[in-house]
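Structural description and commentary
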Amino acid sequence: MKQILVVCSGNSFPQGAFNFLKTLQHEEPVSATGLFFSHDNEDTAEGRTRFSEQCTHHHILHNILDHEGPWNKNIFAKESRFSDLVLLSSQLFYAGLLQQQPNTFLSEAMHYTESPVLVIPEDFSPSNHLFIAYDGTKESLFAMKQFSYLFPHLTDLPTEVVYVNEETTNGIPELDHLRRYSRLHFSCMGFSKLHFKAAEYFATWIGERQHVMLISGSYGRSPFSYATTPSFAEEVIHDHRLPVFIAHP
């Protein structure tokens, strides 16, 4: 049984994240923990009640943490340490953008998490294609491994490893090793190289695809860098609202 940490903001019920939680429960029973943070002393009672009622209705074993108060990265880090997966609503990310401020919640969550994170849009619908962002580093391989361990029921989907580099050569780092490993864990695997700068064009490229999920290890950096130079994964979450799975060592 997997332990899932569902992070909620105020009374905003993360419907997209909960819909994905239901798909996990359908595959095998899970245990869900609700962690609620408030903004400007907002009461979270309504959101807590809805979370509990929905979990009970769908026969999901659950509990709600006693924490009452604003976002706290230390509490989040500790709870994620004892979880297999964190589910976040990308709605929280957009809320920060609407205020014309760096979204501290999302950036710190990505940096301080001690388990993989899946950022889910509110209009979530099941994915029918996976894209793995690969840059030849241990972080991208780590994300691929964690995804296959957590979601074996999704590894039968058509999957494409995408290496983005503006060099004119067609080489992909350690391609033979990558092929041999990935085909043990994914049923339908392809490999491609895109000749452009990932930070500038990748979000636009993947945004042209429908019902896809992105797997990335790109968030393993300092909190300050999130506020100054958004990663391509952050741009994907912002621009296209597709599910993004992020795991870093």
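Residues numbered from 1 in each chain as written. Predicted model: local features only at pLDDT ≥ 70, side-chain atom pairs only at ≥ 80, totals over all residues. Heavy atoms only, no water.

When the charged atoms of two side chains with opposite charge come close together, those side chains can pair. In total, this model carries two salt bridges according to the counting rule given. Notably, a salt bridge pairs Glu-28 with Lys-2, separated by 2.5 Å at the nearest N-O pair. Note that Glu-28 is positioned in the loop between helix 1 (15-27) and strand 2 (30-37) and Lys-2 in strand 1 (residues 2-9), a separation of 26 residues in sequence. A residue is classified by how much of its surface remains accessible, and Lys-2, at 17% relative accessible area, is buried. Between Glu-114 and Arg-81 there is a salt bridge; the shortest N-O distance is 2.8 Å. With Glu-114 in the loop between helix 5 (104-112) and strand 5 (117-120) and Arg-81 in helix 3 (residues 73-81), this residue pair connects regions lying 33 residues apart in the sequence. Here Glu-114 falls in the partly exposed class, since its relative accessible area comes to 41%. (Salt bridge = Lys/Arg side-chain N within 4 Å of Asp/Glu carboxyl O. Helix = DSSP H or I, 4+ residues; strand = E, 2+ residues; numbered from the N terminus. Buried < 20%, exposed > 50% of the residue type's maximum accessible area, 1.4 Å probe, protein only.)

So, about the confidence of the model for the protein chain. Mean pLDDT over the protein chain stands at 84; residues scoring 70 or higher make up 85%. Scored below 50 in pLDDT, residues 96-102 makes four contacts in the model with residues more than four places away or belonging to other chains. pLDDT under 50 marks residues 220-229. Its contacts with residues more than four places away, or in other chains, come to 16 contacts. (pLDDT = per-residue confidence, 0-100. Contact = heavy atoms within 4.5 Å.)

Once that is clear, we can look at helix 7 (residues 175-185). Within helix 7 the residues assigned to the buried category are Leu-175, Leu-178 and Ser-182. Each buried residue of helix 7 sits inside an arc of 55 degrees when the element is viewed along its axis, so together they form one side. Counted as exposed and oriented over 90 degrees from the buried face of helix 7: Asp-176, His-177, Arg-180 and Leu-184. (Arc of directions from axis to C-beta.)

Glancing now at the sheet that holds strand 1. In space, the 10 strands of this open sheet follow the order 3-2-1-4-5-10-9-6-7-8, with mixed pairing throughout. The open sheet has two edge strands, strand 3 (61-64) and strand 8 (188-194), and neither has a second partner. Taken pair by pair, the neighbouring strands of this sheet meet at an average axis angle of 20 degrees, ignoring direction. Strand direction decides the pairing type here: strand 7 (residues 158-164) and strand 8, joined by seven bridges, are parallel. Paired with Val-164 across the strands is Leu-194, a residue of strand 8. The sheet contacts of helix 2 (residues 45-57) involve strand 1, strand 2 and strand 3, and relative to strand 3 the element is tilted by about 170 degrees. The strands touched by helix 3 are strand 1, strand 2 and strand 4 (85-89); relative to strand 1, the strand with the most contacts, the crossing angle is about 160 degrees. (Pairing = 2+ DSSP bridges. Axes fitted to C-alpha atoms, helices over the stretch in contact; angles between N-to-C directions.)

Bringing a negative patch on the surface into the picture now. A surface patch of negative charge is lined by Asp-40, Glu-42, Asp-43 and Glu-46. Counting through the fold element by element, Asp-43 comes out in the loop between strand 2 and helix 2. (Patch = residues over 30% accessible without salt bridge, like charges linked within 9 Å, V, L, I, M, F, W, Y side chains within 5 Å. Areas by Shrake-Rupley, 256 points an atom, 1.4 Å probe, with all protein chains shown as cover. Lys, Arg positive; Asp, Glu negative; His and termini not counted. Charge placed at Lys NZ, Arg CZ, Asp CG, Glu CD.)

Okay, the side chain of Gln-3 next. Along the polypeptide, Gln-3 turns up in strand 1. In terms of polar contacts, Gln-3 uses its side chain to reach the side chain of Thr-33, at 2.7 Å. Leave out the neighbours within four places in its chain, and Gln-3 touches Ser-31, Ala-32, Thr-33, Phe-82, Ser-83, Asp-84 and Leu-85. (Polar contact = N/O pair within 3.5 Å; in protein donor to acceptor, adjacent residues only side chain to side chain.)

In this model, helix 1 (13 residues) spans 19 Å end to end at C-alpha, consistent with the 18 Å of a helix rising 1.5 Å per residue. Considered for burial, the residues of helix 1 that qualify are Gly-16, Ala-17, Phe-18, Phe-20, Leu-21, Leu-24 and Gln-25. For helix 1, the elements touching its buried residues are strand 1, strand 2, helix 2, strand 4, strand 5 and strand 9 (212-216). (Expected span 1.5 Å × (residues − 1).)

This part is about the packing of aromatic side chains. Within the structure shown, the criterion is met by 13 aromatic pairs. Relative to Phe-151, the ring of Phe-20 has its centre 5.6 Å away and its plane inclined at 90 degrees; by these criteria the two rings are edge-to-face. Within this pair, whereas Phe-20 is found in helix 1, its partner Phe-151 is found in the loop between helix 6 (138-150) and strand 7, the two being separated by 131 residues in sequence. Of the residues examined, Phe-20 reaches a relative accessible area of 3% and is grouped as buried. Under the relative-accessibility criterion, Phe-151 is labelled buried at 0%. Ring centres of Trp-71 and Phe-76 lie 5.3 Å apart, and the angle between their planes is 45 degrees; on these two criteria the pair is classed as tilted. (Phe/Tyr/Trp six-rings, centres within 6.5 Å; stacked < 30°, edge-to-face > 60°.)

Attention now goes to the packing of helix 6 against helix 7. The interhelical angle for the contact between helix 6 and helix 7, taken along N-to-C directions, is 15 degrees, at an axis separation of 10 Å. Taken together, helix 6 and helix 7 sit at an angle that is classed as roughly parallel. Judged by the sense of rotation from one axis to the other, the crossing of helix 6 with helix 7 is left-handed. Across the interface between the two elements, Leu-141, Met-144, Lys-145, Ser-148 and Tyr-149 from helix 6 touch Leu-178, Tyr-181, Ser-182 and His-185 from helix 7. Tallied by class, the residues present in the contact of helix 6 with helix 7 amount to five nonpolar, three polar and one charged. (Parallel < 35°, antiparallel > 145°, perpendicular 65-115°, else oblique. Left-handed = near helix turned anticlockwise from the far one by under 90°. Nonpolar A, V, L, I, M, F, W, Y, C, P; charged D, E, K, R; others polar.)

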